[in-house]
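Chains, contacts and geometry: an overview
This is what each chain is made of:
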Amino acid sequence: MKQKKGRVFSGARPTGRQHLGNYLGAIKNYVALQDDYECVYCIVDIHALTTMETTLALRQNTYEMALDWLAAGIRPDETIMFVQSHVPQVTELHTYLSMVTPLGKLTDLPTFKEKVRLQPQNVNYGLVGYPVLMAADIVLYRTNLVPVGIDQAPHIEFTREVVRSFNYRYQTDVLIEPEMKATETPKVIGIDGQQKMSKSLDNHIELAATPEETLQRVMMMVTDPQRMRRTDPGNPDVCNVFSFHKIFSTAEEVEMVNLECRRAGIGCVDCKRLMAKNLNESLQPFRERRSELAQNPDQVWDVLQEGAKRARAIAEETMQGVRRAIGLP
Ligand code: TRP
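**Overview of the pattern of salt bridges**
Under the counting rule described, the total for this entry stands at 24 salt bridges. A salt bridge links Arg-7 to Glu-38; its shortest N-O distance comes to 2.8 Å. A residue pair is termed long-range when its members are at least 10 positions apart, and Arg-7 in strand 1 (residues 7-12) and Glu-38 in strand 2 (residues 38-43) qualify at 31 residues. Residue Glu-38 is classed as partly exposed on the basis of its relative accessible area of 35%. Here Glu-177 ties to Arg-164 by a salt bridge, and the two come within 2.9 Å at their closest N and O atoms. Of this pair, Glu-177 sits in the loop between helix 9 (153-169) and strand 5 (179-182) while Arg-164 is found in helix 9, placing the two residues 13 residues apart along the sequence. Judged by relative accessible area, which is 30%, Glu-177 ranks as partly exposed.

Structure, rendered in structure tokens:
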């Protein structure tokens, strides 16, 4: 096998069926990184508990997400794909890292303040420790590179600080400072044409939707708000459908839409139909693979169990070094 450049780790909460925003913003990148890095991808169910009122859907959401990752091209024979809670060492490391974490640093983080704003009635201890657990995820696997969205930058910086504090406090070098790799895709706007695509806002398009459902969602997309009538010229620069054309249509089609929209030669309905057709075509191999995998759910759980076994081996090795460095008897 080709010599790899180091280890990549990333995590995502079990949000169930993935949408185009998840794919373009993260999964696509996860898949590509497999060529050059040894990759570890984690479904962070413990992190999910910090904001969840019920765990009823947790198992199903974990399964659906794993299915989407596999169908999208994660190769479980090379890549370690697993569920966070299957490797209990992470909670142990979280505890040790918390001893070198000033509380004020956690409560100052913009991500924490945002959560307090969103769920003032549930500001739990776990929520404060969220970045500590994330740091534990990353360093437990002796990670070199963390691909994440730019919103996670404070958490990666925090991880680097915690590694330095730990290594300094215990005069060791067991923990490795990771680098961040900001995923450079522009943020994917939802069908409302306004906000970042997200399941909770219900402005998303699921990867696993049927072609008909996809067309239906595309037809709901908000276009150039200035274009009221079919005969009005439109402005592709402010139209979210056009941003999708740029991703899923051919260069000639993009050029055609760009030109014809501006002179009212094409209407929003036809423009959307064309985009939906191209989107469906590009998702077809994914969807076929997904239905195949879904025939046999046990196989997906087996992948996750096997991933956890490999993850635990790395984790336990790290933890032996950590316990020794701390001086635990
Ligand atoms: N906090 C990340 C997010 O919300 C998810 C996450 C948890 C993560 N642990 C991680 C990402 C470790 C990268 C590495 O997107």
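Read on for the rest.
**Notes on empty space enclosed by the protein**
In the structure shown here, the tally under the stated rule is 1 cavity of 30 Å³ or more. What the largest cavity holds in volume is close to 50 Å³. Residue lining of the largest cavity: Thr-223, Arg-227, Pro-236, Cys-239, Phe-242, Val-257, Cys-261, Cys-268 and Cys-271, and that is the complete set. Across the lining of the largest cavity, the residue classes break down as 7 nonpolar, 1 polar and 1 charged.

Rules used in this analysis
- Residues numbered from 1 in each chain as written.
- Predicted model: local features only at pLDDT ≥ 70, side-chain atom pairs only at ≥ 80, totals over all residues.
- Heavy atoms only, no water.
- Salt bridge = Lys/Arg side-chain N within 4 Å of Asp/Glu carboxyl O.
- Helix = DSSP H or I, 4+ residues; strand = E, 2+ residues; numbered from the N terminus.
- Buried < 20%, exposed > 50% of the residue type's maximum accessible area, 1.4 Å probe, protein only.
- 1 Å grid on protein atoms, 1.4 Å probe; cavity = no way out; pocket = protein on both sides within 12 Å on 5 of 7 lines; lining within 4 Å.
- Points joined across faces, edges and corners; volume = space filled by probe spheres on them.
- Nonpolar A, V, L, I, M, F, W, Y, C, P; charged D, E, K, R; others polar.

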